[in-house]
Amino acid sequence: MPQAVTELPEYTLVRSRRRTLALEITPAGQVIARAPLKMSQARIQAFVLEKAGWIRVHLAQARRQNQLAAQAGRLTPEDIQTLRKEAEPVIRERVHFFAKALGVTYGKITLRCQRTRWGSCSAKGNLSFNCLLALAPPEVQDYVVVHELCHRKQMNHSPAFWREVAALLPDYPARREWLKKNGPTLLNCTPFVRQCGIMSNKWGDL
Ligand SMILES: [Zn+2]
């Protein structure tokens, strides 16, 4: 009996300073392998090949879900693009404004659509924001911006960190509460990103 040969699925390789290898299927149906900078091509290909079945199943699901989304009101990848375009200039302007008020610097600003977090701030000061913020009230957008910028002073959620937030936004608890209450509904509007591999899928700390 000849052995069935599995073909290597098509994928896009994205290398970054990460420690683990992971596969992701975007809502638009793109397969992305996220790998550490120095991991060998052979090892990555072997992993993709090993997950070929998982990729086939989830690509089919992504297609099906995009059809359903169009019917059920879940945001489509095109909707997300539109939101990103709307949110980007607003967020940039707010970051600029509050960074000045706080006296902090920042690096790159990225807007992406994520199911798990509203914003993040790297050790280098690169900021990332969820484009679904376009659907939140301006005062909540400001809270997320201020929260991330305050991490430029305190890379933690210590009382000192919250004092920084409160100094700029004394009413931040109400804004935070809005996000806690309504955030999950907003995040549920997003198309699913399917991930496998060794993932660190941390929930946002907001
Ligand atoms: Zn935080």
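First things first, this report covers the structure right here in the doc. Counting starts from 1 at the beginning of each chain's written sequence and moves along it residue by residue. Confidence filtering applies because this is a predicted model: local features only for residues at pLDDT of at least 70, side-chain atom pairs given and counted only at 80 or more, and all residues used for totals across whole chains, interfaces and linings.

**So, the overall build of the protein chain**
1) Next: The helix and strand labels rest on DSSP assignments: H or I over at least four residues marks a helix, E over at least two residues marks a strand, and numbering proceeds from the N terminus. Tallying secondary structure elements over the protein chain gives 6 helices and 7 strands in all.
2) Next: What you see in the protein chain, going N to C, is helices and strands ordered as β-β-β-α-α-α-β-β-β-α-α-α-β.
3) Next: Relative to its 206 residues, the protein chain shows a buried fraction of 24%. Each residue is classified by how many other C-beta atoms fall within 10 Å of its C-beta atom, where C-beta atoms are placed from the backbone; a count of 20 or more means buried, 12 or fewer means exposed, and values in between mean partly exposed.

**Section: the nonpolar core**
1) Next: For our purposes the nonpolar core covers buried Ala, Val, Leu, Ile, Met, Phe, Trp, Tyr and Cys residues that link as a set through C-beta atoms within 7 Å. Among the nonpolar cores identified, the biggest contains 28 residues, and Ala87, Cys131, Leu133, Val144 and Val146 are the most heavily contacted of them.
2) Next: Listing elements by their share of this core, those giving two or more residues are α3 (77-102), β6 (127-130) and α4 (138-150).
3) Next: Ranked by the residues each element gives to this core, the list is headed by α4, at 7 residues.

**Points about the packing of α3 against α4**
1) Next: Whenever a helix is involved, its axis is fitted only over the stretch in contact; in every case the axis is a line through C-alpha atoms, and angles between N-to-C directions fall within 0 to 180 degrees. Interaxial distance between α3 and α4 falls to 9 Å at its minimum, and their mutual angle equals 50 degrees. Judged on the interaxial angle alone, α4 and α3 are oblique. Considering how the two elements wind past one another, α3 and α4 form a crossing that is right-handed. Within the contact between the two elements, α3 uses Val90, Ile91, Arg94, Val95, Phe98, Ala99 and Leu102 and α4 uses Gln141, Asp142, Val145, Val146, Leu149 and Cys150. Working rule for angles: under 35 degrees goes down as roughly parallel, over 145 as roughly antiparallel, 65 to 115 as roughly perpendicular, anything else as oblique. Throughout, a crossing is termed right-handed when the near helix is turned clockwise from the far one, and left-handed when it is turned anticlockwise from it by less than a right angle. By the criterion used throughout, residues are in contact when their C-beta atoms, derived from the backbone, lie within 7 Å.

**Quick look at the packing of α4 against helix α6 (residues 172-187)**
Any two packed helices are characterised by the angle at which their axes cross and by the distance between the axes.
1) Next: Between α4 and α6, the shortest axis-to-axis distance is 9 Å and the interhelical angle comes to 100 degrees. By the angle between their directions, the pair α4 and α6 is classed as roughly perpendicular. For the pair α4 and α6, the contacting residues are Glu139, Val140 and Tyr143 in the first and Tyr172, Arg175, Arg176, Trp178 and Leu179 in the second.

**Here's the deal with the environment of Lys124**
1) Next: With respect to the helices and strands, the residue Lys124 is situated in the loop between β5 (119-121) and β6.
2) Next: For the pair Lys124 and Tyr106, spaced 18 residues apart in sequence, the C-alpha to C-alpha distance is 7.7 Å.

**Notes on α3**
1) Next: To estimate how far a helix should reach, multiply one less than its number of residues by 1.5 Å. Along its 26 residues, α3 runs 35 Å from first to last C-alpha, staying within 8% of the 38 Å computed at 1.5 Å per residue.
2) Next: Remark: the principal bend of α3, roughly 30 degrees, maps to Ala87, with a proline, Pro89, within the next four residues.
3) Next: Restricting attention to buried positions, one finds in α3 the residues Ile80, Leu83, Ala87, Ile91 and Phe98.
4) Next: The inward-facing, buried residues of α3 abut β4 (109-112), β6, α4 and α5 (159-168).
5) Next: Gly103, located one to two residues past α3, shows a positive phi value of around 75 degrees. Bend, in this description, refers to the angle at a residue between axes fitted to the seven residues ending there and the seven starting there.

**Regarding the sheet that holds β6**
1) Next: The rule for pairing is simple: two strands pair if DSSP sees at least two bridges between them. In spatial order, the strands read β4-β6-β5; together these 3 strands make up an open sheet with mixed pairing. Bordering the open sheet on either side are β4 and β5, each of which pairs with just one other strand. Adjacent strand axes in the sheet meet at a mean angle of 15 degrees, parallel and antiparallel pairs treated alike.
2) Next: Across 3 bridges, β5 lies against β6 in antiparallel orientation. Looking at β6, one finds that Cys121 is bridged to Leu127.
3) Next: Its contacts with the sheet put α3 on β4 and β6, and the angle it makes with β4 is roughly 150 degrees.
4) Next: On the sheet, α4 packs against β5 and β6 and is oriented at approximately 20 degrees with respect to β5.

**Observations regarding the environment of Asn188**
1) Next: Along the polypeptide, Asn188 turns up in the loop between α6 and β7 (194-197).
2) Next: The exposure class of Asn188 is exposed, given the 12 C-beta atoms found within 10 Å.
3) Next: As a C-alpha pair, Asn188 and Arg74 span 114 residues in sequence and 7.9 Å in three-dimensional space.

By themselves, these figures tell us nothing about what the structure is for.
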